[in-house]
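Understanding the architecture of this molecule
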Amino acid sequence: MADTNDIQTFVQPYVVPEGSDELNENLQAMATSFAVTDDKIREIIKGLHKSMKTGLDRDDPNALPMIPTYVSGRPTGKETGTFLALDLGGTNLRVCQVTLKGDTTYSLVQQKFTITQEAKEVRLWDFIAECVGVFLEEHDLHPAPGKRTIPCGYTFSFPIYQTGIASGNLSMWNKSFTVPNSVGRDVVNLTQSAFQRHHVAVEVVAVLNDTVGTLMTSGYSHPDTQMGIIFGTGTNAAYWERLENIGKWTGSDRKGEMVVNLEWGAFDNATEVLPYTAHDNKLNRKSSNHGLQVFEKMISGLFLGEVARNAILSLVDQRLIFGGRSSEILNKSYTFDTAYMSEIVADASPDLEGVRVVLEGTLDIPPTSLVDRKVVQHVCNMIGTRGVRLSAAAMSAVLLARPELLTSSVSVGIDGSMYQFYPGFEANLYAVSRVFLGADFVDNRLKLHLAKDGSGVGAAIVAMTVDRDRQR
């Protein structure tokens, strides 16, 4: 890559020759504010390492949470068996049957149930048990000979304080759920009690989040997996850490490894290190979780389009594009979807016809000029480039936290729409991390893999490792 220590590296590409001097001066100022130089990334890596170390030592509201997950068994890819997985999200409950074939591959049978409003408000646990019962009956599933229950992994996408591999107390409801008598109680116990009431022969042996699931899914197919990352609507990561480095771990075993959930979306909420702009601040102060998840708001799919919308409207307000006009759609928050950014960045046609369709056809902007379309493409590129460079910085920081592993091959399992669909995201992850992890390691030993269905398959794999360890 070009020498990205030089701020001009980020400014020079964002010039529209046909545009006015005032327009180009504003574009260059905007590019400067969104720039993430190599030196800035080194500063971010240093800040992440400091926050990670503090979070491993103790619970500190100013540091990364660094949550021990109680997952301590790496998959080898040779395990066999059929396991259940539950994936409870904000809209759907997925019930999955995952068959591990013993050759690093697996098969998946799944059924999706839409969570009713009644379940969200009153009877969630019984709803889950009824859906699992339907799945077992339709697929004729029974416990193995000599067993009373089928082991099950449980991906639970609400905040919990984990107290064991199969226990965690609900911290709070979100996503419009209001089920009474649940906050502060063990979600596995609540679910298990419902299974017993409905005579469902299933035992939850592990509870986890989707990032841990992504790590374990990749680990089954690629046993050298060290990290699992979500680059999608939101972002987070989990990685294998040595128990001796987890100062706040109170378990008796101090040897071996455990998966740690970083919750890295909360990095630098004080905005002391990150390249924070007025457009980020506008998004942040209007968001429901103002001042929280600042890092996530700079790199994840839910927010990038809104940052771009703010930046585009700042140029509209100065009458530098669209003749100073906007539309009712563009004036509303979160109407400039990150998927539109992907389409705009990918448009290589001479007249930027794809950009025109998004602006005029989807967002109802009055007829645009080629200069308008070039400016919008530049703005999307600035914000997308910042996002992928910050993503690479975070990934590099976590891998550098285990330097002894970098002499061998390392895989990273990744899921999410940004990784899958944003133009050049994976290629740029490699290119940027090459600067900080070393060309030899990135070119020869680092492998990034798409780990789809991590929240389902990964839960089943964790259930497998727990079942395996029990038998030992």
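Residues numbered from 1 in each chain as written. Predicted model: local features only at pLDDT ≥ 70, side-chain atom pairs only at ≥ 80, totals over all residues. Heavy atoms only, no water.

Quick notes on the overall build of the protein chain
When helices and strands are tallied, the protein chain shows 17 helices and 13 strands. Taken against the 2.2 N^0.38 rule, which gives 23 Å for 472 residues, the C-alpha radius of gyration of the protein chain at 24 Å falls within 12% of a compact globule. The dimensions of the protein chain, computed from C-alpha atoms along their principal axes, are 80 × 50 × 40 Å. In the protein chain, buried positions account for 55% of the 472 residues. Relative to all contacts within the protein chain whose residues are 6 or more apart in sequence, the contacts with residues 24 or more apart total 68%. Surface exposure of the protein chain reaches about 19,700 Å², of which carbon and sulfur atoms provide 50%. Charge centroids of the protein chain, computed over 43 positive and 54 negative side chains, lie 4 Å from each other. (Helix = DSSP H or I, 4+ residues; strand = E, 2+ residues; numbered from the N terminus. Rg over C-alpha atoms; globule rule 2.2 N^0.38 Å. Buried < 20%, exposed > 50% of the residue type's maximum accessible area, 1.4 Å probe, protein only. Contact = heavy atoms within 4.5 Å. Areas by Shrake-Rupley, 256 points an atom, 1.4 Å probe, with all protein chains shown as cover. Lys, Arg positive; Asp, Glu negative; His and termini not counted. Charge placed at Lys NZ, Arg CZ, Asp CG, Glu CD.)

Some remarks on the packing of aromatic side chains
All told, the structure shown has 14 aromatic pairs when counted by the stated rule. Ring geometry for F156 against F158: centres 5.4 Å apart, planes inclined by 55°, an arrangement best described as tilted. Each of the two residues, F156 as well as F158, counts as buried. On the basis of an interplanar angle of 55° and a centroid distance of 4.8 Å, the ring pair of F158 and F177 is categorised as tilted. Of this pair, F158 sits in the loop between β5 (150-156) and β6 (160-164) while F177 sits in the loop between β7 (167-170) and α5 (187-197), placing them 19 residues apart in sequence. Each member of the pair, F158 as well as F177, carries the same accessibility label: buried. (Phe/Tyr/Trp six-rings, centres within 6.5 Å; stacked < 30°, edge-to-face > 60°.)

A few points about the UniProt feature "domain: Hexokinase N-terminal" (unreviewed entry) in the protein chain
Using the residue numbers shown here, the UniProt feature "domain: Hexokinase N-terminal" (unreviewed entry) corresponds to residues 27-220. Within the segment residues 27-220, helix and strand shares are 37% and 27% respectively, and the terminal C-alpha atoms sit 46 Å apart. (UniProt positions renumbered as here; feature names shortened; annotations may be inferred.)

Let's talk about the packing of helix α11 (residues 338-346) against helix α12 (residues 353-362)
It is at 8 Å that the axes of α11 and α12 come closest, and there the two elements cross at 145°. Touching Y340, E343 and I344 of α11 are V355, V358 and T362, all from α12. The residue makeup of the contact of α11 with α12, split by class, is four nonpolar, one polar and one charged. (Axes fitted to C-alpha atoms, helices over the stretch in contact; angles between N-to-C directions. Nonpolar A, V, L, I, M, F, W, Y, C, P; charged D, E, K, R; others polar.)

A word on the nonpolar core
Ranked by size, the top nonpolar core spans 91 residues in total, and within it M227, F231 and W264 carry the most contacts. Not counting residues up to four positions away in its chain, the partners in contact with F231 are W264, I299, S391, I414, D415, G416, S417, M418, Y419, F425 and L429. Counting residues in hydrophobic clusters, the runner-up holds 37 residues, among them L93, A119, F177 and V202. (Core = buried A, V, L, I, M, F, W, Y, C linked by side-chain atoms within 4.5 Å.)

A short note on the sheet that holds strand β3 (residues 92-101)
The strand order across the open sheet built from five strands is β4-β3-β2-β5-β8, with neighbouring strands paired in mixed fashion. Taken across any chain shown, the strands that pair with only one partner, and hence form the sheet edges, are β4 (106-114) and β8 (202-208). Averaged over all pairs of adjacent strands, the angle between strand axes in this sheet comes to 25°, irrespective of strand direction. As judged from the six bridges shared by β5 and β8, these two strands associate in the parallel manner. Within β8, the residue paired with C152 across the bridge is V204. Packing against the sheet, helix α6 (residues 210-221) makes contact with β3, β4, β5 and β8, and its axis sits at approximately 160° to β4. (Pairing = 2+ DSSP bridges.)

Brief notes about unusual backbone geometry
Positive phi values are uncommon outside glycine, yet N181 reaches one of about 55°. Inspection of the secondary structure puts N181 in the loop between β7 and α5. Since its relative accessible area comes to 62%, N181 is described here as exposed.

Examining the UniProt feature "domain: Hexokinase C-terminal" (unreviewed entry) in the protein chain
As recorded in UniProt, the sites labelled "domain: Hexokinase C-terminal" (unreviewed entry) are residues 226-464. Summarising residues 226-464: 51% helix, 13% strand, and an end-to-end C-alpha distance of 19 Å.

Thoughts on the pattern of salt bridges
All told, the structure shown has 20 salt bridges when counted by the stated rule. For R58, the salt bridge identified is with D60, shortest N-O distance 3.5 Å. For D60, a relative accessible area of 21% corresponds to the partly exposed category. Notably, a salt bridge pairs D126 with R197, separated by 3.1 Å at the nearest N-O pair. Of this pair, D126 sits in helix α4 (residues 117-138) while R197 sits in helix α5, and the two are 71 residues apart along the sequence. The buried category is assigned to D126, whose relative accessible area is 18%. (Salt bridge = Lys/Arg side-chain N within 4 Å of Asp/Glu carboxyl O.)

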